[in-house]
Amino acid sequence: MGTMMSEQEALKCSSARNRGGTQRVEGKLRASVEKGDYYEAHQMYRTLFFRYMSQAKHADARELMYNGAQLFFSYNQLNSAADLSMLVLESLEKSEATVEDEDLEHLAKLFSLMDPNSPERVAFVSRALKWSTGGSGKLGSPILHQLLAVTLWKEQNYSESRYHFLHSSDGEGCAQMLVEYSAQRGFRSEVDMFVAQAVLQFLCLKNKNSASVVFSTYTQKHPSIEKGPPFVQPLLNFIWFLLLAVDGGKLTVFTVLCEQYQPSLKRDPMYNEYLDRIGQLFFGVPPKQSSSYGGLLGNLLNSLMGSDEEGEEAQEDGSPIELD
């Protein structure tokens, strides 16, 4: 028992020593940055990163790079900061660490500090999303998507914010962003189209819950929409009935609904394409024989559903359909 305790104490001492050593090193690096020796400090961060990684001290390496990146951002050294941000990702990828909320929050924080127009930011978000699903799924963690969506919303980059909200589970946040997007960039006559597109795309992604929440929140909070249902705008009534029909799963109801509202559905040529997909997912409609979604529709649906080989870079270029 005595031996056991001494081993545990030794481990504690060793870990405290390491922590103390790391803090001393961080103090020296901070002093270099504060003096303006940015290049030297950056190189020292890199050297330490590879030393820690070779010793399998992945968490230490990650923490050092995360703090260093924030320090460089605070001194407006954007290239050095972006480089250390990439090393944070590298430590996550190589350590095969499980995806923790805290890591996702750290990645989103670094994303928010990057120059919105930099190529580094596009590369960073692509790798971060890929890592967040264990490298297999192309769409990325819904939690990370939600954090990215909020940052982009604050930057008034509504189209990219909308894309990330679609891949999150935050229907309420998405609706609030769309209300602002519609007010800032849309025509009054399009208030119904902003939410209709989001609902149809959420349904194409099999996210029935967020489709329902985005619709109810948007229609309640938009200043130009009178209380409903029923609504003044026929398209909103269609979406309301569609959500009820999706819950019921009756093909006849879905078919009649689409026929009755054709005048409204013709306002955007994509609506009927999305409804074909929704018919297959929720009402057992067989896919059309003509093609496997070729051409424009294929590109749009692929980019929405992440089934292209380009991965997140392609999707970062904007939402599948712009609402300018």
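Residues numbered from 1 in each chain as written. Predicted model: local features only at pLDDT ≥ 70, side-chain atom pairs only at ≥ 80, totals over all residues. Heavy atoms only, no water.

- Looking at an unreviewed UniProt entry, one finds the chain named Golgi to ER traffic protein 4 homolog, with Oncorhynchus tshawytscha as its source organism.
- Its UniProt record gives the chain the following Sequence similarities (unreviewed entry) comment, quoted word for word: "Belongs to the GET4 family." (UniProt positions renumbered as here; feature names shortened; annotations may be inferred.)

## Remarks on the packing of aromatic side chains
Then step 1. In total, this model carries 11 aromatic pairs according to the counting rule given.
Then step 2. On the numbers, 5.1 Å between centres and 80° between planes, the contact of Phe-49 with Phe-50 is edge-to-face.
Then step 3. Residue Phe-50 is classed as partly exposed on the basis of its relative accessible area, which comes to 40%.
Then step 4. With 5.0 Å between their ring centres and 15° between their planes, Tyr-158 and Tyr-181 make a pair best called stacked. Note that Tyr-158 is positioned in helix 8 (residues 158-166) and Tyr-181 in helix 9 (residues 171-185), a separation of 23 residues in sequence. (Phe/Tyr/Trp six-rings, centres within 6.5 Å; stacked < 30°, edge-to-face > 60°. Buried < 20%, exposed > 50% of the residue type's maximum accessible area, 1.4 Å probe, protein only. Helix = DSSP H or I, 4+ residues; strand = E, 2+ residues; numbered from the N terminus.)

## Overview of helix 15 (residues 270-283)
Then step 1. A rise of 1.5 Å per residue sets the reference length of helix 15, with its 14 residues, at 20 Å; its end C-alpha atoms lie 19 Å apart and thus fit the reference within 8%.
Then step 2. Taken residue by residue, helix 15 has Met-270, Tyr-271, Tyr-274, Leu-275, Arg-277, Ile-278, Gly-279, Gln-280 and Phe-283 as its buried positions.
Then step 3. Two residues or fewer past helix 15, Gly-284 is found with a positive phi of approximately 70°. (Expected span 1.5 Å × (residues − 1).)

## Quick notes on the packing of helix 10 (residues 191-204) against helix 12 (residues 234-248)
Then step 1. Their axes nearest at 9 Å, the elements helix 10 and helix 12 cross at an angle of 20°. In terms of orientation, helix 10 lies roughly parallel with respect to helix 12. As for how helix 10 packs across helix 12, the hand of that crossing is left-handed. Across the interface between the two elements, Asp-192, Met-193, Val-195, Ala-196, Val-199, Leu-200 and Leu-203 of helix 10 pack against Leu-235, Leu-236, Ile-239, Leu-242, Leu-243 and Val-246 of helix 12. (Axes fitted to C-alpha atoms, helices over the stretch in contact; angles between N-to-C directions. Parallel < 35°, antiparallel > 145°, perpendicular 65-115°, else oblique. Left-handed = near helix turned anticlockwise from the far one by under 90°. Contact = heavy atoms within 4.5 Å.)

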